[in-house]
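A look at the structure
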Amino acid sequence: MTSAPHRPAIGSLLAVALDAPDIDRLATFYERLAGWRRVPDGDDDWITLDAGDGWRVGLQPAADHVPPRWPGQDRPQQAHLDFRVPDLAAATERAQRLGATVLRRNEQWHTLADPAGHPFDLCLNPDVPRTTLMGVMLDCPDVATLSRFYAELLGKPVTYEGDGIAMIGEDGAQPVMFQQVPGYTAPRWPDPAFPQQFHLEVAVRDLDSAERAVLGLGAARLAGDEPNWRVFADPAGKPFCLIPTV
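Residues numbered from 1 in each chain as written. Predicted model: local features only at pLDDT ≥ 70, side-chain atom pairs only at ≥ 80, totals over all residues. Heavy atoms only, no water.

1. Observations concerning helix α1 (residues 23–34)
Spanning 12 residues, α1 covers 16 Å between terminal C-alpha atoms, matching the ideal 16 Å at 1.5 Å per step. Looking at α1, one finds that the buried residues are I23, L26, A27, F29, Y30, L33 and A34. Seen end-on, α1 carries its buried residues on one side only, within an arc spanning 155 degrees. One side-chain oxygen at the N-terminal end of α1 lies 3.3 Å from the backbone nitrogen of D24; it belongs to D22. G35 lies just past α1 and shows a positive phi near 75 degrees. (Helix = DSSP H or I, 4+ residues; strand = E, 2+ residues; numbered from the N terminus. Expected span 1.5 Å × (residues − 1). Buried < 20%, exposed > 50% of the residue type's maximum accessible area, 1.4 Å probe, protein only. Arc of directions from axis to C-beta. Polar contact = N/O pair within 3.5 Å; in protein donor to acceptor, adjacent residues only side chain to side chain.)

2. As for the packing of aromatic side chains
Aromatic ring pairs are reported here in terms of the distance separating the ring centres and the angle at which the planes meet. A full pass over the atoms with the stated rule returns 12 aromatic pairs. Centroid distance F149 to F240: 5.8 Å. Interplanar angle 65 degrees. Geometry classified as edge-to-face. Highlighted residues: F149 in helix α3 (residues 143–154) and F240 in strand β16 (residues 239–244), separated in sequence by 91 residues. Under the relative-accessibility criterion, F149 is labelled buried at 3%. By the ring-pair criterion, three or more aromatic residues cluster together here, those being F29, Y30, W36, F83 and F120. When the ring centre of F194 is taken as reference, the NZ or CZ atom of R188 above it lies at 3.8 Å. (Phe/Tyr/Trp six-rings, centres within 6.5 Å; stacked < 30°, edge-to-face > 60°. Lys NZ or Arg CZ within 6 Å of the ring centre and 35° of its normal.)

3. Focus: the environment of G54
When you line up the elements, G54 lands in the loop between β3 (47–52) and β4 (55–61). Between the alpha carbons of G54 and T131 there is a distance of 14 Å; along the sequence they are 77 residues apart.

4. Here's the deal with the environment of R230
Structurally, the position occupied by R230 is in strand β15 (residues 230–233). Measuring from C-alpha to C-alpha, the distance between R230 and L242 comes to 5.3 Å, with 12 residues separating the pair along the chain. Here E211 takes part through its side chain, which lies 2.8 Å from a polar atom of the side chain of R230.

5. Describing the side chain of H118
Tracing the backbone shows H118 in the loop between β7 (109–113) and β8 (119–124). Among the polar contacts made by the side chain of H118, one reaches the main-chain carbonyl oxygen of D19 at a distance of 2.6 Å. In contact with H118, not counting residues within four places along its chain, are L18, D19, H65, P68, L112, A113, Q197 and F198. (Contact = heavy atoms within 4.5 Å.)

Given below as structure tokens:
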């Protein structure tokens, strides 16, 4: 099923951001696992990784980081990254050598936790001889509501919806995916007892008009923003940032 957004995009996906107690260690892990490269930005409190195919992943330090305990909802993952790999066994072995922990094995994918405790999936794709980032998957209580929210925000059509799963955007064009989780527990940012774990950064042309638009879609303004960005919660309670383009 494919549906077009009802309005022009409010913004574009700038980066997927992960919290970590040691961002240098986590950056090194993904550099060696997937061939990502650091983007120099002169910021000691943030590392940007170019993940290829248009993806950028940001790492931000969280001194009070509480790692997820997947698959339960007492310390939920909130989101995870999906990778495609040509050899599932070899990729899993390499990830373990780099500091990952295997959480579950299936015939077509393995779930692991990175050194910060964030789960990620390695999915078999023998047709491409390298590791690629397929997408980011957000946990939520209602995939229809959240997929439509981000479809409007990012200007990506809903390209799949069914059986507790949805996706916006086309495969290969930074799709965002959603999975319905029973007993979903929302983050309560900035409370470290209910951490965000992940958040999306969205580039916008004008902060004021973008704020009015996301509030109209059902977002809530959160405290903690700065002159160069504003923080909101989506309808599932997940924080995201609006950042003006220069």
